[in-house]
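Residues per chain, in single letters:
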Amino acid sequence: MGGDNNKRKRSESEGGGGEEPPPEKKMEILPSMIKNKEKRSAVHAKLKQQKKLEKRKKAKARDAAEKRALELGEEPPAKKIPKTIENTREVDETICKPDDEELFAGNDADEFSSILKREMNPKILITTCRFHSSRGPEFIKELLSVIPNATYYKRGTYDLKKIVEYANKKDFTSLIVVHTNRREPDALLIIGLPSGPTAHFKLSKLVLRKDIKNHGNPTSHEPELVLNNFTTRLGHRIGRYIFEEKEAKQIESKGKKTKDANGESGPKGKVIARLQECGPRFTLKLISLQHGTFDTKGGEYEWVHKPEMDTSRRRFFFVTVEESLLHGKKYISPDHCSSFKTNFVMFDSDDL
Amino acid sequence: MPRTTTLECPGCPPLRALTFDELGLIKVIEARGKQGRAEPKLVERWGDLDSSKGVLAASLDDRKSDPFLDGAERCCLSSDCSPLIHVPSEVHWLLAVARRNGTIEVLNPLNGDLRFSVTNSSNNGVQPEDDPVAGLHLLARKNLELASRSFTLLTCTTKGSASIRSFELTKPAADVTSTGYSRTWSVGAGGNILCSKVDGSENYFLLGGKHVEMNVWDLDSCAKIWTAKPPPKNTLGIFTPTWFTSATFLSRDDHRKFVAGTNSHEVRLYDISAQRRPVISFEFRETAIKSVAEDLNGYTIYVGNGSGDLASFDIRTGKLLGCFLGKCSGSIRSIARHPDYPVIASCGLDSYLRLWNVKTWQLLSAVYMKQPLSNVLFYSNFADEEAEVVNPPANRLLHGEHIAAERDEDETPPVKRKKSKEKKGNKKEAKAKSGNNEACEEDGGKKLKSKKSSKRLKREDVDELS
């Protein structure tokens, strides 16, 4: 009780102090400032209700304005664009510009240009960590069905550096190591061969084919990749490396969805192509990009994620994409963006 | 509410730096403007885009002293290049660049004109791509004794063939002839040489690499004078293989002490006069040390590693003085210390040139350079004085005086360095040290006075002219 009295006194004295400067009185009481839980929740509920009503009113007014504009034959009022962390993203000077000659020269000089120019066929070796079970092998099975020219080798007890040497000898162009922890694939290591970079990804949200509703089955077509939003320099490099190397791309233009579908079903005439998801769906988050092949001890990193970089939610090192597989052709559409993550969804189209 | 804007960098003192990248481009970065508030910008780009011409090593020779040895003719350079650098009409400054395809180009560091290029002699039929240049040094003082228009190149390849060649500039911007002095010798012992350094007096040559212990060569006789000994096996009986990735002399005029960084993330201090094993050895983070640079004071060193961490150490104790934090994410390939300002530049695979304040460990500025960088160098005589640009002929002589004053400044650091060395020494020398300190202060006072007097002189000159 004594404490209560004290509090009251304090609040009184504060109130008394508040009378002198007028702006302090105007300050509204936030629910979070109320200490009594019942009162706080009551105030909060009231506020919430108010906000809801206001929102409804606004929406009604907006709809009415639109309707009126339609009736009068005028231009409807412009739709407002919501603020997202993506469109309020921090300015990034590393974003590639289409007229940057240095970028193209760099592209020509990098490790993957011979594959991207189709001078070389990509050949991929997939292996695992030392112990793997359960979802790991299934995931690899699905990867093998989606990625052309990929072979699986048992890991055995070989050192990764030895495997790199072996793969180099056998003319593989890249090596994928699926790392499993607690019977769940949790990391992906993609090593470019013979000298290319090593990317280490954290793998999460893995959904296998059988768990996807209405999934399709991959066909023997070469997949086509659509890469969107790999705009920063790092994203560009990753995009060139990981995806385009794995599956040599064929065409890259917008609106090819219908074009391809038409091409395949030429005699039937007009067909509507729909996408059907077929492959494993997962999210990749880049942990590090290493210069040269796998070498954790003396390696040189091109990019490492450090906790000190995460000071803002609006900074993206590269942007989320969704990858899809349309009748053996892959699509990546920019969907929900989150920081330096890559979402893979592999789609397959309806059988026509 | 998260912060949506990036932290503003405070800007840096007026300076001019060169960066070299893997596409063979040379970029000039300049910061000019108000004292301490300048924003560094990319001002020039030299070279064409060709990955076979990627820069492996570079060396800049822009001594302040030399242009004034021949005395008479001095003027500002043409307006297209930086008018803020005062050079003699017979430009003697040179920039040597070793490229991936085995050529070594000598450029004019003011406008990027190619003075001359030479292929690295690989007479044993080795392709230059297989045996790239690991170290390149333009020897400045060597040629003072020779004709004033010659220069000497010291190169060292990864497989271990070192060569000294001197050339003569027959005409400015014309062809170059070899003076005939050339010497090639083998320095590698079955390993790969990764780092090399020449000391301030240019008599000693430091080498090290993968499976090559640090060794010191006498450049006059081309003989090995010292080799390091690997540290003993650890308590588990495991021997870490030798793999040096970077090295630097502790101070410019002492060839006996040097610092080396290893692939096993160790930094080691060697003292030739003391022992063959490292005097001090300490570890820094988890990835390989990729670059090491010394400060002017002779005991601070800057260490950069493969995952983009940069820190300064006091080499006398091996203690970490401070880390440079600035969201640096790529391997640091090169660190350069500004000769006058307390500024260091670091660059590397994340294609940013970052400028740091040495005293506050603050990031001054980060410039995005679009390409993974391999090297950074500072111009030592870039002064931001627009007044002098306006009427260059009026203060022709004054530049001399001004730069002479600067030279005085330059001469002071060795005194400080001595001081630092003596700190390590016994107490008897402490008295001498204090004496030195006083001398140093006196020097400083003189320096200030000389600056003032030069300014005064300038004004008088202008008055006379007007």
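Everything numeric in this text was worked out from a predicted model, so none of it was measured.

**Student:** Just checking my understanding: could you explain the overall build of chain A for this structure?
**Tutor:** When you go through chain A residue by residue, the secondary structure sums to nine helices and 10 strands. For chain A, with 352 residues in total, the buried portion stands at 41%. Considering only contacts in chain A between residues 6 or more positions apart, those separated by 24 or more positions represent 67%. About 21,200 Å² of surface is accessible on chain A, with carbon and sulfur atoms providing 52% of the total.

**Student:** Hey, could you run me through the overall build of chain B in this one?
**Tutor:** For chain B, the helix and strand inventory stands at four helices and 30 strands. A total of 466 residues make up chain B; the buried ones form 54% of that total. Expressed as a percentage of contacts within chain B between residues at least 6 apart in sequence, the contacts between residues at least 24 apart total 52%.

**Student:** Would you explain the interface of chain B and chain A in this entry?
**Tutor:** How big an interface is tends to be stated in terms of the accessible area lost upon association of its parts. Each side of the interface is counted separately: chain B has 38 residues, and chain A has 28 residues. Taking both partners together, chain B and chain A bury about 2,700 Å²; carbon and sulfur atoms supply 49% of that area. A per-residue breakdown of the area chain B buries against chain A is headed by Lys327(B), Ser329(B) and Tyr368(B), which together make up 21% of the total. Our enumeration of links across chain B and chain A arrives at five salt bridges. One salt bridge connects Glu300(A) with Lys290(B), and the closest N-O pair in it is separated by 4.0 Å. Summed over the shared surface of chain B and chain A, the number is 15 residue pairs in polar contact (both at pLDDT 80 or more). Broken down by class, the residue content of the side of chain B that touches chain A amounts to 12 nonpolar, 16 polar and 10 charged.

**Student:** Would you take a moment to explain a positive patch on the surface for this structure?
**Tutor:** Together, Lys48(A), Lys52(A), Arg56(A) and Lys60(A) line one region of the surface with positive charge. Note on placement: Lys48(A) falls in helix H3 (residues 37–72).

**Student:** In this structure, what is going on with the environment of Ser51(B)? I would like to understand it.
**Tutor:** Residues and elements named next belong to chain B. As for its position among the elements, Ser 51 is in the loop between strand S3 (41–46) and strand S4 (55–61). On the basis of relative accessible area, Ser 51 is assigned to the partly exposed category, the value being 31%. Measuring from C-alpha to C-alpha, the distance between Ser 51 and Asp 21 comes to 9.5 Å, with 30 residues separating the pair along the chain.

**Student:** In this structure, what is going on with the sheet that holds strand S9 (residues 114–119) of chain B? I would like to understand it.
**Tutor:** Within a beta sheet, neighbouring strands are joined by backbone hydrogen bonds and run either parallel or antiparallel to one another. Residue and element names in this part refer to chain B. Ordered by their spatial adjacency, four strands build an open sheet running S4-S7-S8-S9, and the pairing between neighbours is antiparallel. Of all strands in the sheet, those bounded by a partner on one side alone are S4 and S9. This sheet shows a mean twist of 15° between the axes of neighbouring strands, independent of strand direction. Of the pairings in the sheet, the one linking strand S8 (residues 103–107) to S9 comprises five bridges and is antiparallel in character. Each residue of the ladder has a partner; that of Ile 104, found in S9, is Val 118.

**Student:** How should the packing of aromatic side chains be read in this particular structure?
**Tutor:** The geometry of an aromatic ring pair is captured by the separation of the ring centres together with the interplanar angle, meaning the angle of the planes. Residue and element names in this part refer to chain B. Scanning all chains against the criterion turns up 14 aromatic pairs over all chains. Both rings, one in Phe 282 and one in Phe 313, keep their centres 4.5 Å apart while their planes meet at 35°; by these two values the pair is tilted. Here Phe 313 lies in strand S24 (residues 310–314) and Phe 282 lies in strand S21 (residues 280–283), a separation of 31 residues in the sequence. Exposure remark for Phe 282: the relative accessible area of 10% places this residue in the buried category. Members of the aromatic cluster, joined through ring pairs, are Trp 226, Phe 244, Phe 249, Phe 258 and Tyr 270. Here Lys 210 stacks its cationic end above the ring of Trp 243, 4.4 Å away from the centre of that ring.

**Student:** When you look at the side chain of Glu213(B) in this model, what are you seeing that I'm missing?
**Tutor:** Residue and element names in this part refer to chain B. Locating Glu 213 in the fold gives a position in strand S16 (residues 212–218). At 3.1 Å, the side chain of Glu 213 forms a polar contact with the side chain of Thr 242. The contact partners of Glu 213, leaving out residues within four places of it in the chain, are Leu 207, Gly 208, Thr 227, Ala 228, Lys 229, Pro 230, Thr 242, Phe 244 and Tyr 270.

**Student:** I tried to follow the pattern of salt bridges on my own but got confused; where do I start?
**Tutor:** It is possible for side chains of opposite charge to pair when their charged atoms get near one another. Taken as a whole and judged by the stated rule, the model has 23 salt bridges over all chains. Here Arg268(B) and Glu266(B) are joined by a salt bridge, their closest N and O atoms 2.9 Å apart. Across the pair, exposure class does not vary: Arg268(B) and Glu266(B) are buried alike. Here Arg354(B) makes a salt bridge to Asp350(B), at a shortest N to O gap of 2.7 Å. You'll find Arg354(B) and Asp350(B) in the same group, each marked buried. Bridged by salt links that share partners, the residues Glu102(A), Asp21(B), Lys27(B) and Arg45(B) form one connected network.

**Student:** Got a minute to help me understand the sheet that holds strand S30 (residues 373–378) of chain B in this structure?
**Tutor:** Residues and elements named next belong to chain B. Taken in spatial order, the four strands line up as S3-S2-S1-S30 in an open sheet, and their pairing is antiparallel. Lying at the two open borders of the sheet, with one neighbouring strand each, are S3 and S30. The mean inter-strand angle of the sheet, taken between neighbouring strand axes irrespective of direction, is 25°. Summarising the sheet, strand S2 (residues 26–31) and S3 pair through five bridges and their orientation is antiparallel. Considered in S3, the bridge of Ile 29 is made with Leu 42.

**Student:** What is the right way to read the pairing of strand S3 (residues 174–181) of chain A from this model?
**Tutor:** Regular strands place their side chains on alternate faces of the sheet. All names here are of chain A. S3 sits mainly inside the fold: six of its eight residues count as buried. Across five bridges, strand S1 (residues 124–128) lies against S3 in parallel orientation. Its bridge partner lying in S3, Thr 128 is registered against Val 178. Inspection of the sheet shows S3 paired to strand S4 (residues 184–192) by eight bridges, in the antiparallel sense.

**Student:** Explain the confidence of the model for chain B here, please?
**Tutor:** Interpretation of this model should avoid reading the predicted coordinates in detail wherever pLDDT is low. Scored by pLDDT, chain B comes out at a mean of 74, with 66% of its residues at no less than 70. Scored below 50 in pLDDT, residues 385–466 of chain B shows 67 contacts in the model against residues more than four places distant or in partner chains.

**Student:** Can you walk me through H3(A) in this structure?
**Tutor:** Owing to its 3.6 residues per turn, the α-helix aligns residues three or four sequence positions apart on the same side. Residues and elements named next belong to chain A. The end-to-end C-alpha distance of H3 is 52 Å, a good match for the 52 Å that 36 residues give at a rise of 1.5 Å each. In terms of burial, H3 is a largely surface element, one of the 36 residues being buried. Capping the start of H3 is the job of one residue whose side-chain oxygen sits 2.9 Å from the backbone nitrogen of Glu 38: Asn 36. Just beyond H3, the residue with positive phi is Gly 73, at close to 75°.

**Student:** Before we go on, may I ask you to explain the environment of Ser312(B) in this structure?
**Tutor:** Residue and element names in this part refer to chain B. One can find Ser 312 in strand S24. Residue Ser 312 is classed as buried on the basis of its relative accessible area, which comes to 1%. The spatial distance from the C-alpha of Ser 312 to the C-alpha of Gly 322 is 5.6 Å, given a sequence separation of 10 residues. Discounting residues that sit within four places of it in the chain, Ser 312 has contacts with Thr 300, Ile 301, Tyr 302, Lys 319, Leu 320, Leu 321, Gly 322, Phe 324 and Trp 361.

**Student:** It is not clear to me how the confidence of the model for chain A should be interpreted in this structure. Could you clarify?
**Tutor:** Residue and element names in this part refer to chain A. Per-residue confidence for chain A averages 74 on the pLDDT scale, and 73% of its residues sit at or above 70. Averaged over each element, pLDDT in chain A is lowest for helix H9 (residues 256–264) (32) and highest for H3 (94). Low confidence marks residues 247–269, where pLDDT is under 50. Its contacts with residues over four positions away, or in another chain, come to 39 contacts. Confidence drops under a pLDDT of 50 for residues 320–352, and excluding neighbours within four residues, the segment shows 164 contacts in the predicted structure.

**Student:** How should I be thinking about the nonpolar core in this particular structure?
**Tutor:** Most often, soluble globular proteins keep nonpolar side chains buried together rather than apart. Among the nonpolar cores identified, the biggest contains 30 residues, and Ile126(A), Phe139(A), Ile176(A), Val178(A), Leu188(A) and Phe201(A) are the most heavily contacted of them. For this core, the secondary-structure elements that each account for two or more residues are S1, helix H6 (135–146), S3, S4, strand S5 (198–207), helix H8 (233–246) and strand S6 (281–291) of chain A. Setting aside residues up to four positions removed in sequence, Ile126(A) forms contacts with Ile140(A), Leu143(A), Leu144(A), Ala150(A), Thr151(A), Tyr152(A), Tyr153(A), Ile176(A) and Val178(A). In this structure, Leu15(B), Ala17(B), Ala31(B) and Leu355(B) belong to the second largest nonpolar core, which totals 18 residues.

Calculation rules
Residues numbered from 1 in each chain as written. Chains lettered and ligands numbered in written order. Predicted model: local features only at pLDDT ≥ 70, side-chain atom pairs only at ≥ 80, totals over all residues. Heavy atoms only, no water. Helix = DSSP H or I, 4+ residues; strand = E, 2+ residues; numbered from the N terminus. Buried < 20%, exposed > 50% of the residue type's maximum accessible area, 1.4 Å probe, protein only. Contact = heavy atoms within 4.5 Å. Areas by Shrake-Rupley, 256 points an atom, 1.4 Å probe, with all protein chains shown as cover. Buried area = accessible area lost by both parts, 1.4 Å probe. Salt bridge = Lys/Arg side-chain N within 4 Å of Asp/Glu carboxyl O. Polar contact = N/O pair within 3.5 Å; in protein donor to acceptor, adjacent residues only side chain to side chain. Nonpolar A, V, L, I, M, F, W, Y, C, P; charged D, E, K, R; others polar. Patch = residues over 30% accessible without salt bridge, like charges linked within 9 Å, V, L, I, M, F, W, Y side chains within 5 Å. Lys, Arg positive; Asp, Glu negative; His and termini not counted. Charge placed at Lys NZ, Arg CZ, Asp CG, Glu CD. Pairing = 2+ DSSP bridges. Axes fitted to C-alpha atoms, helices over the stretch in contact; angles between N-to-C directions. Phe/Tyr/Trp six-rings, centres within 6.5 Å; stacked < 30°, edge-to-face > 60°. Lys NZ or Arg CZ within 6 Å of the ring centre and 35° of its normal. pLDDT = per-residue confidence, 0-100. Expected span 1.5 Å × (residues − 1). Core = buried A, V, L, I, M, F, W, Y, C linked by side-chain atoms within 4.5 Å.

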